[in-house]
Amino acid sequence: LKDKALSSARSAATDGKSKAVEKVGGVSKAIQASASKLDEDVGQTYGDFARSAAKSIDDIAAQLDAKDIDELLEDAKAFVRKSPAIAIGIAAALGFAASRVVKSGLDLDDNV
């Protein structure tokens, strides 16, 4: 039973990682696509900033995709050990964001 649960959790984590890589890649593509519009509207410098940000985000997606779940878990543990206050702040921010998403979903259900 334990092995089945661990296998299921690992499969879910792998699926989640794949979706996260896809979403981060999508953000990178969206920023890259907006770079030329920024060139026209506010200048080349801001377009270059957007291209640089898109490249950095794309690199993060590639690094995330290259690691397996165990490596990501070890990286997370090391980060929490190194910076517990930042980890708690990130967890609080994610919890707040999740609660807002859930609340907005509940508000939409009330309006339907």
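To be clear, the structure that these remarks concern was listed above.
Predicted model only: the values in this text are computed from it and were never measured.

A.B. asks: Break down the overall build of the chain for me, citing the residues and quoting the values.
C.D. replies: Check the secondary structure of the chain and you find four helices and zero strands. Listing every helix and strand of the chain by position from the N terminus yields α-α-α-α. Here the C-alpha radius of gyration of the chain, 19 Å, is well above what a compact globule of 112 residues would show, namely 13 Å. Taken over the C-alpha atoms alone, the chain extends approximately 60 × 45 × 30 Å along its principal axes. The buried share among the 112 residues of the chain stands at 11%. Taking the intrachain contacts of the chain between residues at least 6 apart in sequence as the baseline, contacts between residues at least 24 apart amount to 51%. For the chain, the accessible area works out to roughly 8600 Å², and carbon and sulfur atoms hold 63% of it. Positive and negative side-chain charges of the chain, numbering 16 and 18 respectively, have mean locations separated by a distance of 5 Å.

A.B. asks: Got a sec to walk through the environment of Val21? Specific residues and values, please.
C.D. replies: Following the sequence through the fold, Val21 ends up in helix α1 (residues 2–41). C-alpha separation for the pair Val21 and Leu94, spaced 73 residues apart in sequence, amounts to 18 Å. Contacts of Val21, omitting those with residues within four sequence positions, involve Ala61, Leu64 and Asp65.

A.B. asks: Before we move on, can you summarise a nonpolar patch on the surface with the specific residues and values?
C.D. replies: Taken together, the side chains of Phe79, Val80, Ile86, Ile90 and Leu94 define a hydrophobic patch exposed on the protein surface, amounting to about 450 Å² of accessible area. Mapped onto the nonpolar patch, the elements with two or more residues apiece are α3 (69–82) and α4 (84–111). With three residues, the single largest contributor to the nonpolar patch is α4. Counting through the fold element by element, Leu94 comes out in helix α4.

A.B. asks: Now, about the pattern of salt bridges: what can you tell me, with residues and values included?
C.D. replies: Per the stated rule, a full pass over the model turns up seven salt bridges. Two residues, Asp48 and Arg51, come together in a salt bridge whose shortest N-O distance is 2.9 Å. Of this pair, Asp48 and Arg51 both sit in helix α2 (residues 44–66), three residues apart, which is roughly one turn of that helix. Judged by relative accessible area, which is 36%, Asp48 ranks as partly exposed. Salt bridges sharing common partners tie together Asp39, Asp48 and Arg51.

A.B. asks: Residues and numbers for the packing of α1 against α3, please.
C.D. replies: α3 packs onto α1 with a crossing angle of 80° between their chain directions and a minimal axis gap of 10 Å. For the element pair α1 / α3, the angle class is roughly perpendicular. The residues of α3 that touch α1, namely those facing Arg10, Ala13, Thr14 and Lys17, are Ile69, Asp70 and Leu72. Considering only residue class, the contact of α1 with α3 consists of three nonpolar, one polar and three charged.

A.B. asks: Kindly report on the packing of aromatic side chains, identifying the contributing residues and their values.
C.D. replies: In this structure the tally under the stated criterion is one aromatic pair. When the ring of Tyr46 is compared with that of Phe49, the centres are 6.1 Å apart and the planes differ by 75°; the resulting orientation is edge-to-face. You can see Tyr46 and its partner Phe49 sitting in helix α2, three residues apart, about one turn around the helix.

Definitions and cut-offs
- Residues numbered from 1 in each chain as written.
- Predicted model: local features only at pLDDT ≥ 70, side-chain atom pairs only at ≥ 80, totals over all residues.
- Heavy atoms only, no water.
- Helix = DSSP H or I, 4+ residues; strand = E, 2+ residues; numbered from the N terminus.
- Rg over C-alpha atoms; globule rule 2.2 N^0.38 Å.
- Buried < 20%, exposed > 50% of the residue type's maximum accessible area, 1.4 Å probe, protein only.
- Contact = heavy atoms within 4.5 Å.
- Areas by Shrake-Rupley, 256 points an atom, 1.4 Å probe, with all protein chains shown as cover.
- Lys, Arg positive; Asp, Glu negative; His and termini not counted.
- Charge placed at Lys NZ, Arg CZ, Asp CG, Glu CD.
- Patch = residues over 30% accessible without salt bridge, like charges linked within 9 Å, V, L, I, M, F, W, Y side chains within 5 Å.
- Salt bridge = Lys/Arg side-chain N within 4 Å of Asp/Glu carboxyl O.
- Axes fitted to C-alpha atoms, helices over the stretch in contact; angles between N-to-C directions.
- Parallel < 35°, antiparallel > 145°, perpendicular 65-115°, else oblique.
- Nonpolar A, V, L, I, M, F, W, Y, C, P; charged D, E, K, R; others polar.
- Phe/Tyr/Trp six-rings, centres within 6.5 Å; stacked < 30°, edge-to-face > 60°.

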